[in-house]
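# Summary of structural features
Spelled out from the first residue to the last, the chains are:
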Amino acid sequence: MRRNGEEVEKRRRREVVQVALRGGCLAASATAMAVMLTATEEGVADIYGFKLTLSSNWSFSPSYQYVVGACTATMLYSLIQLSLGVYRLLTGSPITPSRFQAWLSFSSDQLFGCLMMSAGSAGCGVTNLNKTGIRHTPLPDFCKTLSSFCNHVALSLLLVFLSFIFIASSSLFNLLVLSTHVDL
């Protein structure tokens, strides 16, 4: 009887870790989206003695729009998973009651993890171009003039990758649950 109680306690600890990973993913993706949405700035650049007014907003770049969309989708997915996990923890039922649900959760985590990695990579390409400028033209780097915008975008992308780490950890956790519990 004591062995069964220990197994239930171990299962509960694992489930709390799963819920915490979902909460971390939700927090990181929501913060990444909020930081990206506030990325806007105007400034004046001096190019060969000419004053050029620069204005930037996250919505000017399709890559940044993709980041916001991916963060929104991941945030909603994480919110649903977190709500389901907390509800099941409070009612005492297992978070993953069946193998099918474990596989579904694993597959969904993989999908949203790839979405976040893809969005972060797309955003990094544009951010790198903004930082270094276009080398074969005389245009200077964009971030000298609009440093606040670039800092917002960089922080948002850092949080996108953090969200990926949380969701990838959750996916790995589901895989471990699938490999160790044959009798789900």
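Residues numbered from 1 in each chain as written. Predicted model: local features only at pLDDT ≥ 70, side-chain atom pairs only at ≥ 80, totals over all residues. Heavy atoms only, no water.

Heads up, the condition is: UniProt positions are given in the numbering used here, feature names are shortened, and annotations may be inferred rather than shown by experiment.
By the naming in an unreviewed UniProt entry, the chain is CASP-like protein, taken from Cardamine amara subsp. amara. In its Subcellular location (unreviewed entry) section, UniProt records this for the chain: "Cell membrane".

## Side note on the overall build of the chain
What counts here: Put simply, DSSP marks the helices as runs of H or I at least four residues long and the strands as runs of E at least two long, and each gets a number from the N terminus on. Summary of the burial criterion: residues with accessible area below 20% of their type's maximum are buried, those above 50% are exposed, and those between are partly exposed, where the area comes from a 1.4 Å probe applied to protein chains only. Here, two residues are considered to be in contact whenever any of their heavy atoms come within 4.5 Å of each other. Surface exposure here means Shrake-Rupley accessible area, sampled with a 1.4 Å probe, where a residue is shielded only by the protein chains that are shown.
A count of helical and extended segments in the chain gives four helices and two strands. Written out in order from the N terminus, the α and β elements of the chain read α-β-β-α-α-α. Here the chain holds 184 residues, and the buried ones make up 40% of them. Once local pairs closer than 6 in sequence are excluded, the contacts in the chain between residues at least 24 apart make up 78%. Carbon and sulfur atoms form 67% of the exposed surface of the chain, whose accessible area is close to 10300 Å².

## Here's the deal with the nonpolar core
Selection criterion: Definition of nonpolar core: a set of buried residues of the types Ala, Val, Leu, Ile, Met, Phe, Trp, Tyr and Cys, connected through side-chain atoms within 4.5 Å.
In this structure, Met36, Val67, Cys71, Phe149 and Val153 are the most contacted members of the largest nonpolar core, which totals 28 residues. Elements represented by at least two residues in this core include exactly helix H1 (2–37), helix H2 (62–91), helix H3 (99–132) and helix H4 (147–180). The element that contributes the greatest number of residues to this core is H2, accounting for seven residues.

## Here's the deal with the packing of aromatic side chains
The condition is simple: Here the aromatic set is Phe, Tyr and Trp, taking the six-membered ring for Trp, and pairing holds for ring centres within 6.5 Å; pairs whose planes are under 30 degrees apart are stacked, those over 60 apart are edge-to-face, and all others are tilted.
Following the criterion strictly, the structure yields three aromatic pairs and no others. Measuring from centroid to centroid gives 4.4 Å for Tyr77 and Phe112, while their planes differ by 10°, and the two rings are stacked. With Tyr77 in helix H2 and Phe112 in helix H3, this residue pair connects regions lying 35 residues apart in the sequence. The burial state of Tyr77 is the same as that of Phe112; both residues are buried.

## Some words on the side chain of Glu15
Put simply, the test is: Counting of polar contacts relies on pairs of N or O atoms within 3.5 Å, with two restrictions inside protein: one atom must be capable of donating a hydrogen and the other of accepting it, and residues adjacent in sequence are counted only when both atoms are side-chain atoms.
Mapped onto the fold, Glu15 is located in helix H1. Looking at Glu15, the relative accessible area reads 4%, which means it is buried. A polar atom in the side chain of Glu15 sits 2.6 Å from the side chain of Arg12. Those residues in contact with Glu15, other than ones at most four positions away along the chain, are Leu89, Ser93, Pro94 and Ile95.

## Let's talk about a nonpolar patch on the surface
Threshold: Here, patches come from residues exposed beyond 30% relative accessible area and free of salt bridges, joined within 9 Å for like charges and within 5 Å for nonpolar side chains (Val, Leu, Ile, Met, Phe, Trp, Tyr). Within this document, salt bridges are pairs made up of a side-chain nitrogen of Lys or Arg and a carboxyl oxygen of Asp or Glu, the two lying within 4 Å of each other.
Taken together, the side chains of Trp103, Leu172, Leu175 and Leu176 define a hydrophobic patch exposed on the protein surface, amounting to about 380 Å² of accessible area. Secondary-structure assignment places Trp103 in helix H3.

## A closer look at the UniProt feature "transmembrane region" (unreviewed entry) in the chain
Mapped onto the present numbering, the UniProt feature "transmembrane region" (unreviewed entry) falls at residues 20–39, 64–90 and 154–178. The span residues 64–90 carries 100% helix and 0% strand; its end-to-end C-alpha distance comes to 38 Å.

## Quick notes on the pattern of salt bridges
Within the structure shown, the criterion is met by two salt bridges. Close ionic contact of Arg12 with Glu15 constitutes a salt bridge, the shortest N to O distance being 2.6 Å. Here Arg12 pairs with Glu15, and both are found in helix H1, just three residues apart, close to one helical turn. As a salt-bridge pair, Asp109 and Arg22 come within 2.6 Å of each other at their nearest N and O atoms. Here Asp109 is found in helix H3, whereas its partner Arg22 is found in helix H1, with 87 residues between them in sequence.

## Some thoughts on the environment of Phe60
Its location among the elements puts Phe60 in the loop between strand S2 (50–57) and H2. Overall, Phe60 belongs to the exposed group, its relative accessible area being 55%.

## Quick word on the packing of H2 against H4
Two quantities define a packed helix pair, namely the angle between the axes and the distance from one axis to the other. The criterion, for reference: Axis definition: a line fit to C-alpha positions, over the contact stretch in the case of helices; interaxial angles, taken between N-to-C directions, run 0 to 180 degrees. Definitions for this section: a left-handed crossing has its near helix turned counterclockwise from the far helix by less than a right angle. A right-handed crossing has that turn clockwise.
Here H2 crosses H4 at 35°, and the two axes come no closer than 11 Å. H4 is crossed by H2, and the crossing has left-handed handedness. The residues of H4 that touch H2, namely those facing Tyr64, Val67, Cys71, Thr74 and Tyr77, are Phe149, Val153, Ser156, Leu157, Val160, Ser163 and Ile167.

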